[in-house]
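Given next are the chains, with one letter for each unit.
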Amino acid sequence: QVQLVESGGGLVQAGGSLRLSCATSGRSIYTYNMAWFRQAPGKEREFVAAISWSGGITVYADSVKDRFTMSRDNAKDTVYLQMNSLKPEDTAAYYCAAAPNLGRPNMVASYYNYWGQGTQVTVSS
């Protein structure tokens, strides 16, 4: 079992930045692909970014490409999402997810076995 705990959310003005963290416990995530998803009120959960177990492959949704950067520190069993140039439409609860897989990271939520409780990001205009 892997437990995921997100942190770093908050209220920020448009154009600002936030860095989300996802700390894991239970077992090492060294062989896990990791991802961030988000869900705004009244909308379906959507893919944001994913990173391979080694950190060598990252995948981003078109809506966040060139603004968000996902990274990982396997020694700390933690993944990060650096969010720059935030927009009001980025407002959502952000969730960390993990999949025990050494293949290319996936953008589909059902691929991931473990989920955190989420952290709220609110971007004011």
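This one's a predicted model, so the numbers in the text were calculated from it and none came from an experiment.

A.B. asks: Residues and numbers for unusual backbone geometry, please.
C.D. replies: In this model, Asp66 sits at a positive phi of 75°, which is unusual for a non-glycine residue. With respect to the element layout, Asp66 can be found in the loop between strand E6 (58–60) and strand E7 (68–73). A residue is classified by how much of its surface remains accessible, and Asp66, at 79% relative accessible area, is exposed. Its identity is not glycine, yet Ser85 carries a phi of approximately 50°, on the positive side. For Ser85, the location among the structural elements is in the loop between strand E8 (78–83) and strand E9 (92–99). Classification of Ser85 as partly exposed rests on a relative accessible area of 41%.

A.B. asks: If you had to explain the packing of aromatic side chains to someone new, which residues and values would you point to?
C.D. replies: The tally for this structure, following the rule as stated, stands at six aromatic pairs. Measuring from centroid to centroid gives 5.3 Å for Tyr30 and Trp53, while their planes differ by 80°, and the two rings are edge-to-face. Highlighted residues: Tyr30 in the loop between strand E3 (18–25) and strand E4 (33–39) and Trp53 in the loop between strand E5 (46–51) and E6, separated in sequence by 23 residues. Since its relative accessible area comes to 24%, Trp53 is described here as partly exposed. Through a chain of ring-to-ring contacts, the aromatic side chains of Phe37, Phe47, Tyr111, Tyr112 and Trp115 assemble into a single cluster. A cation sits over an aromatic face here: Arg45 above Tyr95, 3.9 Å from the ring centre. Here Arg45 stacks its cationic end above the ring of Trp115, 4.8 Å away from the centre of that ring.

A.B. asks: Go over the sheet that holds E7, please, and point to the residues and values.
C.D. replies: Spatial strand order, E1-E3-E8-E7: four strands in an open sheet with antiparallel pairing. What marks the edges here is a single partner per strand, and that holds for strand E1 (3–7) and E7. Looking at each pair of strands side by side, their axes are set apart by 15° on average, direction ignored. As paired elements, E3 and E8 share six bridges and run antiparallel to each other. Residue pairing in the sheet places Ala23 in a bridge with Thr78 of E8.

So, how was this worked out
- Residues numbered from 1 in each chain as written.
- Predicted model: local features only at pLDDT ≥ 70, side-chain atom pairs only at ≥ 80, totals over all residues.
- Heavy atoms only, no water.
- Helix = DSSP H or I, 4+ residues; strand = E, 2+ residues; numbered from the N terminus.
- Buried < 20%, exposed > 50% of the residue type's maximum accessible area, 1.4 Å probe, protein only.
- Phe/Tyr/Trp six-rings, centres within 6.5 Å; stacked < 30°, edge-to-face > 60°.
- Lys NZ or Arg CZ within 6 Å of the ring centre and 35° of its normal.
- Pairing = 2+ DSSP bridges.
- Axes fitted to C-alpha atoms, helices over the stretch in contact; angles between N-to-C directions.

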